[in-house]
Amino acid sequence: QVQLVESGGGLVQAGGSLRLSCAASGNIFSINTMGWYRQTPGKQRELVATITRGGTTNYADSVKGRFTISRDNARKSVYLQMNSLKPEDTAVYYCNADMRLRTWSSTANYWGQGTQVTVSS
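Just so we're clear, the structure is a prediction, and the values are computed from it rather than from any experiment. The written sequence of each chain sets the order in which its residues are numbered from 1. Thresholds applied to this predicted model are a pLDDT of at least 70 for local features of residues and 80 or more for the giving and counting of side-chain atom pairs; totals over whole chains, interfaces and linings are not thresholded and use all residues. Each side-chain value is derived from all of the structure's non-hydrogen atoms; neither hydrogens nor water enter the calculation.

Right, let's get into the overall build of the protein chain. Within the protein chain one finds zero helices and eleven strands. The C-alpha atoms of the protein chain give a radius of gyration of 14 Å, which matches the 14 Å a tight globule of 121 residues would have. Here the protein chain, with 121 residues, has 39% of them falling under the buried criterion. Whether two residues are in contact is decided by their heavy atoms, any of which lying within 4.5 Å being enough. In the protein chain, the proportion of contacts linking residues at least 24 apart, taken out of those at least 6 apart, comes to 56%. Note on areas: Shrake-Rupley with a 1.4 Å probe; residue coverage comes only from the protein chains shown. When the accessible surface of the protein chain is split by element, carbon and sulfur atoms take 47% of a total near 6,500 Å². Every helix listed is a DSSP run of H or I at least four residues long, and every strand listed is a run of E at least two residues long, numbered separately from the N terminus. Every radius of gyration here is taken over C-alpha atoms, with the globule rule written as 2.2 Å times N^0.38, N being the number of residues. Between buried and exposed lies partly exposed: a residue is buried under 20% and exposed over 50% of the maximum accessible area for its type, with that area taken using a 1.4 Å probe on protein chains only.

Structural data, given as C-alpha cells:
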C-alpha cells in the first residue's frame, strides 16, 4: 500500500548529468527525512544525500559540489540532480524515506526498488 518509486536512471558518459526522481504513494500522513543511497556489487550501501522536511541537506563528501538533493512536499517526491558524473558514481541508487502512515502514529523507514546509474569513461 505504501511505496517509493524511483526513475531517471540510465547510461551517461563521464562529465554528463542525470536527474533521479522518487515519488512516494499510499496511505501517508507525513514524510520526514528523505534521501538517496547507492550500492555497488561487493560494497556496503552508502549514503549519498539526505534532506529533511524543512529542507536541510546533508551530502557525502564524494558527491559534495556535484550532486544536489531537493524535494517537493506537495508531490511527495525527492530528487537528485547529478552533475559532473564520474565512473565511480556507477551504482544502483535507492530512494529512502521516513514516513508516518495515517493509520498509525509511528514513523517507519521505507526503501525504493533502486534504479541503475552507469557512467562510462
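Continuing now.
Each Phe, Tyr or Trp ring, with Trp reduced to its six-membered ring, pairs with another whose centre is within 6.5 Å; inter-plane angles below 30 degrees give stacked pairs, above 60 give edge-to-face pairs, and intermediate values give tilted ones. Inspection of the entire model under this criterion finds two aromatic pairs. Summarising the aromatic geometry, the rings of Tyr37 and Trp111 are spaced 5.0 Å apart at their centres and angled 70° between planes, so their arrangement reads as edge-to-face. Here Tyr37 is found in strand S4 (residues 28-39), whereas its partner Trp111 is found in strand S10 (residues 107-111), with 74 residues between them in sequence. Ring plane angle 90° and centroid distance 6.4 Å describe the contact between Tyr94 and Trp111, whose orientation is recorded as edge-to-face. In this pair, Tyr94 is assigned in strand S9 (residues 91-101) and Trp111 in strand S10, connecting sequence segments 17 residues apart. Residue Tyr94 is classed as buried on the basis of its relative accessible area, which comes to 14%. One aromatic cluster in this structure is built from Tyr37, Tyr94 and Trp111.

Another point: the side chain of Ser77. Considering the arrangement of structural elements, one finds Ser77 in strand S8 (residues 77-82). One polar contact links the side chain of Ser77 to the main-chain carbonyl oxygen of Arg75, over a distance of 3.0 Å. Contacts of Ser77, omitting those with residues within four sequence positions, involve Cys22, Ala23, Met34, Ser70, Arg71 and Asp72. Definition of a polar contact: a pair of N or O atoms within 3.5 Å, with one able to donate and the other able to accept a hydrogen when the atoms are protein atoms, and with sequence-neighbouring residues admitted only if both atoms are side-chain atoms.

What follows is about the pairing of S10. Across a regular strand the side chains alternate sides, sitting on one face of the sheet and then on the other. Here a strand pair is declared whenever DSSP counts at least two bridges between the two strands. Note that S9 and S10 share five bridges and pair antiparallel. Residue Met99 lies in a different strand from S10, and its bridge partner there is Ala108. Hairpin connection, S9 to S10: the antiparallel pair is bridged by five residues.

What follows is about the pairing of strand S11 (residues 115-120). In S11, alternate side chains face the same way, and those of Thr115, Val117 and Val119 are buried while those of Gln116, Thr118 and Ser120 on the opposite face are not. Strand direction decides the pairing type here: strand S2 (residues 10-13) and S11, joined by four bridges, are parallel. Paired with Val12 across the bridge in S11 is Val119. The sheet contact formed by S9 and S11 spans three bridges and is antiparallel.

With that out of the way, let us pick up the pattern of salt bridges. Every case where a carboxyl oxygen of Asp or Glu lies within 4 Å of a side-chain nitrogen of Lys or Arg is listed as a salt bridge. In the structure shown here, the tally under the stated rule is five salt bridges. The closest approach of N and O atoms between Glu46 and Arg38, which form a salt bridge, is 2.7 Å. Judged by relative accessible area, which is 6%, Arg38 ranks as buried. With a closest N to O distance of 3.0 Å, Arg38 and Asp89 form a salt bridge. Separated by 51 residues along the polypeptide, Arg38 in strand S4 and Asp89 in the loop between S8 and S9 bring together distant segments of the chain. Each member of the pair, Arg38 as well as Asp89, carries the same accessibility label: buried. Several salt bridges share partner residues, and in doing so they unite Arg38, Glu46, Arg66 and Asp89 into one network.

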